[in-house]
Amino acid sequence: MLRELPDDDDWVHAHSRLIGARIHDRRIQLNVTQEALYLAAGIDRRTLQNLESGQLGNPTLATLMRIATALDTPLGKLIG
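Residues numbered from 1 in each chain as written. Predicted model: local features only at pLDDT ≥ 70, side-chain atom pairs only at ≥ 80, totals over all residues. Heavy atoms only, no water.

### Structural notes on helix H1 (residues 10-29)
Reasoning step 1: Under the 1.5 Å per step criterion, the end-to-end length of H1 is 29 Å for 20 residues, consistent within 8% with the ideal 28 Å.
Reasoning step 2: Along H1, the residues that are buried comprise Ser16, Ile19, Gly20, Ile23, Arg26 and Arg27. All buried residues of H1 project into a common sector of 130° when viewed along the axis, lining one side. Exposed side of H1, more than 90 degrees from the buried face: Asp10 and Gln29 are the residues found there. (Helix = DSSP H or I, 4+ residues; strand = E, 2+ residues; numbered from the N terminus. Expected span 1.5 Å × (residues − 1). Buried < 20%, exposed > 50% of the residue type's maximum accessible area, 1.4 Å probe, protein only. Arc of directions from axis to C-beta.)

Below, the structure written as structure tokens:
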């Protein structure tokens, strides 16, 4: 059975903020700067900044995979 979704995308944005917080927390746990992470992941600086701050509401799967790999963290732990 499929679950019905709310009519608005507020839940998507809330979950995106949660993903950004998880990325930030893992980066801090590893004592890694944003610069080191975006360079290791091969992504744009602004993308990482926006993602960590919750402003990037729809990151691509490729971006999340790159970040998870750079952080040596399973993707599932970041996206919950």
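### Side note on the confidence of the model for the protein chain
Should the pLDDT be low somewhere, the predicted coordinates at that spot are not to be read in detail.
Reasoning step 1: Summing up the model confidence of the protein chain, the mean pLDDT is 92 and the portion of residues at 70 or higher is 100%.
Reasoning step 2: Element-level pLDDT for the protein chain is lowest in H1, with a mean of 92, against a maximum mean of 98 in helix H2 (residues 34-41). (pLDDT = per-residue confidence, 0-100.)

### Looking at the environment of Ala40
Reasoning step 1: Position of Ala40 relative to the elements: it lies in helix H2.
Reasoning step 2: Taking the relative accessible area as the measure of exposure, Ala40 reaches 58% and is therefore exposed.
Reasoning step 3: Along the backbone, Ala40 and Asp25 are 15 residues apart, and their C-alpha atoms lie at a distance of 17 Å.

### Some thoughts on the environment of Ala70
Reasoning step 1: Structurally, the position occupied by Ala70 is in helix H4 (residues 61-70).
Reasoning step 2: Each C-alpha atom, one on Ala70 and one on Ala36, is 9.5 Å from the other, the two residues being 34 residues apart in sequence.
Reasoning step 3: Contacts of Ala70, omitting those with residues within four sequence positions, involve Leu37, Ala40 and Ala41. (Contact = heavy atoms within 4.5 Å.)

### As for unusual backbone geometry
Reasoning step 1: A positive phi is found at Asn31, a non-glycine position, where the angle reads about 60°.
Reasoning step 2: Of note, Asn31 is situated in the loop between H1 and H2.
Reasoning step 3: Positive phi, close to 50°, is recorded for Asp72, a residue that is not glycine.
Reasoning step 4: The topology assignment puts Asp72 in the loop between H4 and helix H5 (75-79).
Reasoning step 5: Residue Asp72 is classed as exposed on the basis of its relative accessible area, which comes to 67%.

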